[in-house]
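Here is what each chain is made of, one letter per residue.
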Amino acid sequence: MAEKTDITTQKHMNFKEIAAYSLGLFGFQAIVGLLNSYQAEFDGSILGADIAVVGILILIAKIVSAVFDPVVGNLIDRSKSKRGKFKSMILYSIAPLLIMTAVIFIDVPFKNNRMATYIWIFVTYLIWSLAMTLGDVPSQGIASVLTPNPTERTNVVSISNTFKQVGFSACVVIVPIVCLIVPNGSQVFGFEGETDTPMIGNEYFWTAVLTAVLGCALFALIPMLNKERVPYVSGEKTTAKDMLNALKNNKPLMLVIVSYFLGFGRQMAMGIQVQAANVLLGSQNLVAVLGIVTAIGSMISMAICPVLIKKLGEKNVYLIMSVYGFAVSVLSFIIGCLWFRNPENTVLTVLFYLFLFLIGLQFGAVTLMPMIMTADCVDYYEYETGKRMEGAAYSVLTLTIKVCLALGTALGLVFVQLSGYSDTVAQITAGTVSGFDVHTKDVIFFAYTVMPGILALLSTIPMFKYDIVGEKKAKIASELAARREAK
């Protein structure tokens, strides 16, 4: 009985370690968020690419690079590094991630050649995706070995994922700062007597440089200050077949993965946020308004998640948040449609922003729960087989997250293209029209709200069979603690 109390109450991580892990994820996600929000707009407005084609190229690059995730997971599980199997891999990722983030936002001289431009976009994004995987898999997987205490792990994951979510939206603050620093960049925000004008290229590049440098510096804090406390067998050889069998035999993990795939579009709004700001609010430079309003709700969601989990358990919190996400997304769309037709109505204006905030409250389900559940699934597999396969489990999770994010972005950009967005932007630039029509607003806002809500509801189906909860979860943690103590 004493052992069970110890494992669920003893704290292993100090403030410095929690801060390092949280800031590290913040920095890493700031880089990911920059590409997710601004790459398509850069490729379209600066390189002259078709936005829908860019979405498809990004999706294909993600699928091609997906084979690298299990490779990285295998390398992690086989690592003999004295630094730790996760920390060493993070260090390897920093230089290529920094370089490729800047390269993607170079205004290439051959952009008039459409085929060469598309090849450039695909190849550079593919290389960036490989570099990103080197850091993504171990930075997510290390959560399972930072502490053997599942309660402490839940709290640490909650705190760090709050920082992670803020980091993902950090570009909406970094871009204005860079535009004020870069010569003539302030014209983008209507300063110096100028009206809104598109970003001209330099702002994108220097934003990427600043984000990459700061992001990688913070990301390096994880291997520098964190410790891998849960024991594992270093240098254990794992074949691809072993990994597939491990995943096949880990039913709870497969339920988590299937659920995530069904809900692939829950974050598609982030992929079209710049275009949504341009259409809904009248300027892409107001993307910070959309991002901050939703991010506040998301931060509150992840802050209260540990309390909800303690009372209801991960499974029930996931189900409740997903159903809530569907309901509030549909209501938000209805409010938005009314507001587009009556933009001077103060009540509808307030309700529009209020519901964007309420939408953010669901995001604990998509950003936090899979991390916690995957760590529990790793414990479950060790409990059943005696082997820990964090690398395999988290490589599959990160692969799933990246592919789903790419799918969501691609679907969102298809909606953008179907809405007539690109044609209207060209007409606004030519001075033949003054703004976007109601049809374009409806289509893009539907992609921004209703589609993510529908997919959030679909994601609940597999979760009804997930059972690493309550007494079963506590029993697994207690038994594993006893085994480690015996060794």
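Everything numeric in this text was worked out from a predicted model, so none of it was measured.

### A short note on empty space enclosed by the protein
Overall, the coordinates contain eight cavities of 30 Å³ or more when judged by the stated rule. Considering only enclosed or pocket space, the largest cavity measures out at about 370 Å³ in volume. Taken together, 28 residues make up the lining of the largest cavity; nearest its centre are Gln29, Val32, Phe168, Ile401 and Leu405. At the level of secondary structure, the elements contributing two or more residues to the lining of the largest cavity comprise helix H2 (15–45), helix H3 (51–65), helix H6 (114–141), helix H7 (150–168), helix H18 (364–367), helix H19 (369–385) and helix H20 (390–418). Estimated volume of the second largest cavity: approximately 170 Å³. Together, 19 residues line the second largest cavity, and Ala269, Met270, Thr294, Ile359 and Phe363 are the ones closest to its centre. Of all the secondary structure elements, the ones that give two or more residues to the lining of the second largest cavity are helix H13 (268–271), helix H15 (287–312) and helix H17 (346–360). Partitioned by chemical class, the residues of the lining of the second largest cavity number eight nonpolar, 10 polar and one charged.

### A closer look at the layout of surface pockets
Empty space within the second largest pocket amounts to approximately 420 Å³. What lines the second largest pocket is a set of 16 residues, among which Thr151, Ile309, Lys310, Glu314 and Lys473 lie closest to the centre. Every element with two or more residues in the lining of the second largest pocket is listed here: H7, H15 and helix H25 (470–486).

### Section: the packing of helix H16 (residues 314–341) against helix H22 (residues 438–448)
The geometry of H16 relative to H22 is characterised by a closest axis approach of 10 Å and an angle of 165 degrees between their N-to-C directions. As judged from the angle between their axes, H16 and H22 are roughly antiparallel. For the crossing formed where H16 meets H22, the hand is right-handed. Residue-level inspection shows Ser332, Phe333, Gly336, Cys337, Phe340 and Arg341 of H16 in contact with H22, the latter providing Val438, Lys441, Asp442, Phe445 and Phe446. Considering only residue class, the contact of H16 with H22 consists of six nonpolar, two polar and three charged.

### A look at the pattern of salt bridges
Considering all chains together, one arrives at six salt bridges under this definition. For Asp442, the salt bridge goes to Arg341, with nearest N and O atoms at 2.7 Å. Within this pair, whereas Asp442 is found in helix H22, its partner Arg341 is found in helix H16, the two being separated by 101 residues in sequence. Glu479 is the salt-bridge partner of Arg483, the closest N and O atoms lying 3.2 Å from each other. One end of the pair, Arg483, and the other, Glu479, are both in helix H25, four residues apart, so they sit about a helical turn from each other. Judged by relative accessible area, Arg483 falls into the partly exposed class, the value being 29%. One network of salt bridges, in which partners are shared, links Glu314, Asp376 and Lys473.

### Brief notes about the packing of aromatic side chains
Summed over all chains, the structure comprises 20 aromatic pairs. On the basis of an interplanar angle of 65 degrees and a centroid distance of 6.3 Å, the ring pair of Tyr38 and Tyr204 is categorised as edge-to-face. Here Tyr38, found in helix H2, pairs with Tyr204, found in helix H9 (residues 202–219); they are 166 residues apart in sequence, far enough to count as distant. Accessibility expressed as a relative area gives 3% for Tyr38, which makes it buried. According to the relative accessible area criterion, Tyr204 is buried, its value standing at 2%. Between the aromatic rings of Phe415 and Phe446, the centroid separation amounts to 6.0 Å while the plane-to-plane angle is 45 degrees, which identifies the pairing as tilted.

### Let's talk about helix H12 (residues 251–262)
Compared with the 16 Å implied by 1.5 Å per residue over 12 residues, the 16 Å span of H12 between its first and last C-alpha is a close match. Regarding H12, the residues found buried are Pro252, Leu253, Leu255, Val256, Ile257, Ser259 and Tyr260.

### Looking at the confidence of the model for the protein chain
On average, the protein chain scores 82 in pLDDT, and the residues at 70 or more come to 88%. The secondary structure element of the protein chain with the lowest average pLDDT is helix H1 (residues 2–9), at 49, and the one with the highest is helix H24 (residues 460–463), at 93. Within the model, the stretch residues 186–200 combines pLDDT values under 50 with 32 contacts to residues more than four positions away or in other chains.

Definitions and limits used
Residues numbered from 1 in each chain as written. Predicted model: local features only at pLDDT ≥ 70, side-chain atom pairs only at ≥ 80, totals over all residues. Heavy atoms only, no water. 1 Å grid on protein atoms, 1.4 Å probe; cavity = no way out; pocket = protein on both sides within 12 Å on 5 of 7 lines; lining within 4 Å. Points joined across faces, edges and corners; volume = space filled by probe spheres on them. Helix = DSSP H or I, 4+ residues; strand = E, 2+ residues; numbered from the N terminus. Nonpolar A, V, L, I, M, F, W, Y, C, P; charged D, E, K, R; others polar. Axes fitted to C-alpha atoms, helices over the stretch in contact; angles between N-to-C directions. Parallel < 35°, antiparallel > 145°, perpendicular 65-115°, else oblique. Left-handed = near helix turned anticlockwise from the far one by under 90°. Contact = heavy atoms within 4.5 Å. Salt bridge = Lys/Arg side-chain N within 4 Å of Asp/Glu carboxyl O. Buried < 20%, exposed > 50% of the residue type's maximum accessible area, 1.4 Å probe, protein only. Phe/Tyr/Trp six-rings, centres within 6.5 Å; stacked < 30°, edge-to-face > 60°. Expected span 1.5 Å × (residues − 1). pLDDT = per-residue confidence, 0-100.

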